[in-house]
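Working through the structure, step by step
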Amino acid sequence: MQKEVDRVNQKSGDDALEVMHAIVHLYRSQQMRGLRAGGEAEKPASSHELAHMEIKVLRFFGRHPGATQSDLVAHSGRDKAQVARLIKGLRDTGMLDATADEADRRSTRLTLSSVGQAVCEELHRQSGALGKIALAGLDTDEQARLMAMLARVRANLEAGAA
């Protein structure tokens, strides 16, 4: 917990970014807690300890079944070695299935296994529930203003990184 003196000495922009960081941290920890608690008989033990990037990989292949490792590299901007390690780990735990590409046998097409699909469905369900909790008490206009402000903050950061 931050001391009040430290809080007063921070710039408002720092506070806003710290609050956003805290929100994301709370969201992810509650999501993982829910994943560990729910449907344990359906998933291997390792699925309960998914890292953030593993979740992103599962969601990518859930949205793009049959995509390749190269597709994920292009989409994510991550390096090939990191993506290869993530995919290997998810294949080893039985969450991703791989098949050789019919047109190019050197290429492997990846899809969610039934276990991976169940994990993604649970994550999606939890996201909806956590979203309702997070936005409780905000009316439609307030939610729209919040989204517009967050989009602006994101655009500012993307423009600054360019």
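Just so you know, these numbers come straight off a predicted model, no measurement behind them.

Take the overall build of the protein chain next. The number of helices and strands found in the protein chain is seven helices and two strands. For the protein chain, the succession of helices and strands along the chain, N to C, is α-α-α-α-α-β-β-α-α. The contacts in the protein chain between residues at least 6 apart in sequence include a share of 52% that link residues at least 24 apart. Accessible surface, the protein chain as shown: approximately 11,200 Å² in total, 55% of it carbon and sulfur.

This part takes up a positive patch on the surface. Residues R28, K56, R63 and R78 make up a contiguous surface patch of positive charge. Relative to the helices and strands, R78 resides in the loop between α4 (69-76) and α5 (80-92).

Attention shifts here to the packing of aromatic side chains. Overall, the coordinates contain one aromatic pair when judged by the stated rule. Ring plane angle 80 degrees and centroid distance 5.1 Å describe the contact between F60 and F61, whose orientation is recorded as edge-to-face. With relative accessibility at 4%, the residue F60 sits in the buried group.

Following both chains from N to C, one finds α4 and α5 inclined at 125 degrees, their axes separated by 10 Å at the closest point. Of the possible angle classes, the one that applies to α4 and α5 is oblique. When the axes of α4 and α5 are compared, the crossing they make is right-handed. On the side of α4, the interface is formed by Q69, L72, V73 and S76, while α5 contributes K80, V83, A84 and I87. Here the contact of α4 with α5 is composed, by residue class, of five nonpolar, two polar and one charged.

So, about the confidence of the model for the protein chain. When pLDDT is averaged along the protein chain, the result is 85, and 85% of the positions lie at 70 or above. In this model, residues 40-47 is a region of pLDDT below 50 whose contacts with residues beyond four sequence positions or in other chains number 15 contacts.

Over its 12 residues, helix α3 (residues 52-63) runs 17 Å from end to end, which matches the ideal 16 Å to within 8%, given 1.5 Å per residue. What α3 keeps buried is the set M53, E54, I55, V57, L58, F60 and F61.

Calculation notes
Residues numbered from 1 in each chain as written. Predicted model: local features only at pLDDT ≥ 70, side-chain atom pairs only at ≥ 80, totals over all residues. Heavy atoms only, no water. Helix = DSSP H or I, 4+ residues; strand = E, 2+ residues; numbered from the N terminus. Contact = heavy atoms within 4.5 Å. Areas by Shrake-Rupley, 256 points an atom, 1.4 Å probe, with all protein chains shown as cover. Patch = residues over 30% accessible without salt bridge, like charges linked within 9 Å, V, L, I, M, F, W, Y side chains within 5 Å. Salt bridge = Lys/Arg side-chain N within 4 Å of Asp/Glu carboxyl O. Lys, Arg positive; Asp, Glu negative; His and termini not counted. Charge placed at Lys NZ, Arg CZ, Asp CG, Glu CD. Phe/Tyr/Trp six-rings, centres within 6.5 Å; stacked < 30°, edge-to-face > 60°. Buried < 20%, exposed > 50% of the residue type's maximum accessible area, 1.4 Å probe, protein only. Axes fitted to C-alpha atoms, helices over the stretch in contact; angles between N-to-C directions. Parallel < 35°, antiparallel > 145°, perpendicular 65-115°, else oblique. Left-handed = near helix turned anticlockwise from the far one by under 90°. Nonpolar A, V, L, I, M, F, W, Y, C, P; charged D, E, K, R; others polar. pLDDT = per-residue confidence, 0-100. Expected span 1.5 Å × (residues − 1).

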